Amino acid sequence: MDKIIEIKHLRKVFGTNEVLTDINFSVSKGEVVCIIGASGSGKSTLLRCLNLLEYPTSGEILFHGQNILEQNMTTAVYRAKMGMVFQQFNLFNNLSVLDNCVVGQVKVLKKDVAAARKTALEYLELVGMSQFIDARPHHISGGQKQRVAIARALSMEPEALLFDEPTSALDPEMVGEVLKVMKNLAKSGLTMLVVTHEMGFARDVANRVVFMDEGVIAEDDIPAVIFNNPHNERTRTFLKRILEP
Amino acid sequence: MPADNAFFPWVVFILQEYWPLFLRGAGNTLLIALSGTIIGFLIGVIIGVIRTIPIDHTISALKKSVFKAVNFILLCYIEVFRGTPMIVQAMVVFYGVALIWGIHLSPIYAGILIVSINTGAYMAEIVRGGILSIDKGQFEAAHAIGMTHGQTMASIIMPQALRNILPATSNEFVINIKDTAVLSVISVSELFFMSKSAAGTYFKYFHVFFITCIIYFIMTFTVTRILRYLETRLEGPSVYTIHGSQTVPEAQFRIVGRE
């Protein structure tokens, strides 16, 4: 399979705190990988390293075999191909829903405004937000914001989409609408990397589940093995704590 | 000439006699305050933006040291002009420029120059504060879709930051209208200077400055009202249109926003 991202010996240190010790894994085209683990295990940092929002201390991130940490590829070009959805949505507060999805296409991909609007509308339609194109971020609910954020990322037509706990900041009743959109995206064959606490989503939708613990990948397997018969004792303890409170 | 102890007749008399003086003074005051605030605002925006450029691993060592030097110079400018009285700056700049470069500025231009660089020093910190107050998530989201720092600032951050610092900017404007009075020390023919001339003729200081007081207040009050209106305009629409609906696709609703 065509590997989109391959990570080798990734290490990230904040001051004296070693958050990621030695991360090795890869994501192939069309794969949906869920990253689970306790708070502080380095899941979000790993995802943020993949988008260079955090710069890795050492190691390699290969994008189609090319190391993006070398200077031969500009960060902006790479980031445009790697969409990101945040826990706090981070919609641009000064722009309407439509313009949130247009601005990146025009500024980064240099598309003309009409074409960018057309693309934006398609993806807003896909997430069920095309009625609200004139609204400002403060007008709409959390679930709606997150769906717009997904449409914004999709409008850049990225090769993979990174989700950083996309439902953690939502009211329980709004989690469903976002997960539904994500499920449909997964079915459409989009490559997705999802940091999540939604074990149901990980079990049903993911092709692979990665369990992280104290800055390392403790287990990386198909959901059936992770959830039913984990090989690692720490995975077992974590899941027991999460699933049977 | 009115009787000595008649207050309002004197006020009316002085107004009749000296209204062109008051008008010219007020005009000059507004001119200096307005241009000083606008130029100072632009200085502040430029410095504020420069001082918030992130220094990270992508910047070479040479650029980094150039950057630090520039930052140091800007910091000196801010500290010096915030830390000394404008009345003293006026003297130093006006007579300094004449002595060192032999340039004899006309008092009005000297006034605009002094108010501009003084306001610039304050605005630089106001703008920097405005930029720092924008949620980090706004930067991250823009970077995550591949926007450069410049694009992020221009399209996302500055529109929000400038809107947020508008109250502080109108504050500066009002302060400038009042503080141009100190420029009378370099003979700028602004309102205070003109009032002094008017008062000297009949020695009616209270009457004249009573009028001056009212003129200053009218100017500042008008300016704050205008800027407040601008602020509400920049807040953006509080209503928006919902396009189509599940059952009647061509229907359009207007719903009231949650503000």
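Quick caveat: nothing in here was measured; it's all calculated off a predicted structure.

Our next topic: the overall build of chain A. A count of helical and extended segments in chain A gives 9 helices and 10 strands. The C-alpha atoms of chain A give 18 Å as radius of gyration, which agrees with the globular expectation for 245 residues (18 Å, within 12%). For chain A, the spread of C-alpha atoms along the principal axes amounts to about 55 × 45 × 35 Å. The buried share among the 245 residues of chain A stands at 58%. Long-range contacts, defined here as pairs at least 24 residues apart, represent 66% of the contacts in chain A between residues at least 6 apart. Here chain A displays about 10,100 Å² of accessible surface, and carbon together with sulfur accounts for 47% of that area.

Taken as a whole, this structure holds 1 cavity of 30 Å³ or more when the rule is applied. In this structure, the largest cavity encloses a volume near 30 Å³. Surrounding the largest cavity, A:R79, A:A80, A:M82, A:G83, A:M84, A:A153, A:M156, B:A144 and B:I145 form its lining. Counting only elements with at least two residues in the lining of the largest cavity, the list comes to α2 (75–80) and β6 (82–85) of chain A.

Residues and elements named next belong to chain A. Of note in the backbone geometry, K110 takes a positive phi value of approximately 55° without being a glycine. Of note in the backbone geometry, E165 takes a positive phi value of approximately 45° without being a glycine. Checked against the element boundaries, E165 lands in the loop between β7 (160–164) and α6 (172–187). We classify E165 as buried; its relative accessible area is 11%.

Next up on the list: a nonpolar patch on the surface. All names here are of chain B. Among the surface-exposed residues, I87, V88, M91, V92, Y95 and V185 lie close enough to one another that they form a single nonpolar patch of about 500 Å² accessible area. When you line up the elements, V92 lands in helix α3 (residues 86–101). Classification of V92 by relative accessible area gives exposed; the value is 56%.

This part is about the layout of surface pockets. As a volume, the largest pocket reaches approximately 960 Å³. In this structure, the largest pocket is lined by 32 residues; those nearest its centre are A:R79, B:P54, B:D56, B:T58 and B:H143. Residue assignment for the lining of the largest pocket shows that the elements contributing at least two residues are α2 of chain A together with α4 (107–132) and α5 (136–144) of chain B. Broken down by element, the lining of the largest pocket gets its largest block of residues, 4 residues, from α5(B).

This part takes up the confidence of the model for chain B. Close reading of the predicted structure is inappropriate where its pLDDT is low. Per-residue confidence for chain B averages 87 on the pLDDT scale, and 94% of its residues sit at or above 70. Predicted complex metrics record ipTM = 0.91 and pTM = 0.87.

What follows deals with the interface of chain A and chain B. Contact residues are listed per partner, giving 34 residues for chain A and 30 residues for chain B. Contact with chain B buries surface across chain A, with A:F92, A:Q131 and A:H139 losing the most and accounting together for 24% of the total. Summed over the shared surface of chain A and chain B, the number is 1 salt bridge. Residue B:E140 pairs with A:R48 through a salt bridge whose shortest N-O separation is 2.5 Å. On inspection of chain A and its partner chain B, the count reaches 7 residue pairs in polar contact (both at pLDDT 80 or more).

All chains considered together, the criterion is met by 15 salt bridges over all chains. One salt bridge in this structure joins A:E233 and A:R236, with 3.5 Å as the shortest N-O distance. With A:E233 and A:R236 both in helix α9 (residues 233–243) and 3 residues apart, this pair spans about one turn of that helix. You can call A:E233 exposed: its relative accessible area is 52%. Shared partners join several salt bridges into a network, and the residues in it are A:R48, A:E54, B:K136 and B:E140.

Here we take up the side chain of B:T52. All names here are of chain B. Tracing the chain through its elements places T52 in the loop between α1 (7–51) and α2 (61–83). Only 3.1 Å separates the side chain of T52 from the backbone oxygen of V49, close enough to count as a polar contact. Beyond its immediate chain neighbours, meaning those up to four positions away, T52 contacts R128, I131, L132, H149 and M153.

All names here are of chain B. Across the interface, α1 lies against helix α6 (residues 149–179) with an axial gap of 10 Å and an inter-helix angle of 145°. For the crossing formed where α1 meets α6, the hand is right-handed. Contacts from T29, L30, A33, L34, G36, T37, F41, V45 and V49 in α1 reach M153, M158, L162, I165, T169, F173, N176 and I177 in α6. Residue composition of the contact of α1 with α6, grouped by class: 12 nonpolar, 5 polar and no charged.

Turning to the packing of aromatic side chains, a few remarks are in order. All names here are of chain B. With the rule as written, the count across this model stands at 11 aromatic pairs over all chains. The interplanar angle of 70° and the centroid separation of 5.4 Å between the aromatic rings of F7 and F210 together place this pair among those described as edge-to-face. Taken together, the residues span a long stretch of sequence, with F7 in helix α1 and F210 in helix α8 (residues 205–234) at a distance of 203 residues. For F7, a relative accessible area of 23% gives the class partly exposed. Taking 6.1 Å as the distance between ring centres and 40° as the angle between the ring planes, the aromatic pair formed by F206 and F210 counts as tilted.

Conventions adopted
Throughout, a residue's number is its position along its own chain's written sequence, starting from 1. Starting at A for chains and at 1 for ligands, labels are handed out in the order in which the entities are written. Totals for whole chains, interfaces and linings use all residues, but because this is a predicted model, local features are given only for residues with pLDDT of at least 70 and pairs of side-chain atoms are given and counted only at 80 or more. In computing side-chain values, all of the structure's heavy atoms are included and hydrogens and water are not. Each helix corresponds to a stretch of at least 4 residues labelled H or I by DSSP, and each strand to a stretch of at least 2 residues labelled E; elements are numbered beginning at the N terminus. In this treatment the radius of gyration is a C-alpha quantity, and the globule benchmark scales as 2.2 Å times the residue count to the 0.38 power. When a residue's accessible area, from a 1.4 Å probe over protein chains only, is under 20% of the maximum for its type it is buried; when over 50% it is exposed; and in between it is partly exposed. Throughout, a contact is declared for two residues whenever any of their heavy atoms are within 4.5 Å. Here the open area of atoms and residues is found with the Shrake-Rupley method and a 1.4 Å probe, where only the protein chains shown may cover a residue. A pocket, in this scheme, is an open set of points on a 1 Å grid over the protein atoms alone with protein on both sides within 12 Å along at least 5 of 7 lines, while a cavity is a set where a 1.4 Å probe fits but cannot get out; residues line either one if an atom lies within 4 Å of a point. Grid points are joined across faces, edges and corners, and a volume is the space filled by probe spheres set on the points. Distance thresholds for patches are 9 Å for like charges and 5 Å for nonpolar side chains (Val, Leu, Ile, Met, Phe, Trp, Tyr), applied to residues having over 30% relative accessible area and no salt bridge. Any Lys or Arg side-chain nitrogen located within 4 Å of an Asp or Glu carboxyl oxygen qualifies as a salt bridge. Across the chain, each position has a pLDDT score giving the predictor's confidence in that residue, from 0 to 100. The term buried area refers to how much accessible surface (probe radius 1.4 Å) is lost by two components on association, counted for both of them together. Definition of a polar contact: a pair of N or O atoms within 3.5 Å, with one able to donate and the other able to accept a hydrogen when the atoms are protein atoms, and with sequence-neighbouring residues admitted only if both atoms are side-chain atoms. Lines fitted to C-alpha atoms define the axes here, with helix axes fitted over just the stretch in contact, and angles between the N-to-C directions of these axes take values from 0 to 180 degrees. By definition, any crossing whose near helix is turned counterclockwise from its far helix by less than a right angle is left-handed, and any crossing with a clockwise turn is right-handed. Basically, the charged four are Asp, Glu, Lys and Arg, the nonpolar ten are Ala, Val, Leu, Ile, Met, Phe, Trp, Tyr, Cys and Pro, and anything else, Gly included, counts as polar. Here a pair means two rings of Phe, Tyr or Trp (six-membered ring of Trp) with centres within 6.5 Å. Their orientation is stacked below 30 degrees between planes, edge-to-face above 60, and tilted elsewhere.

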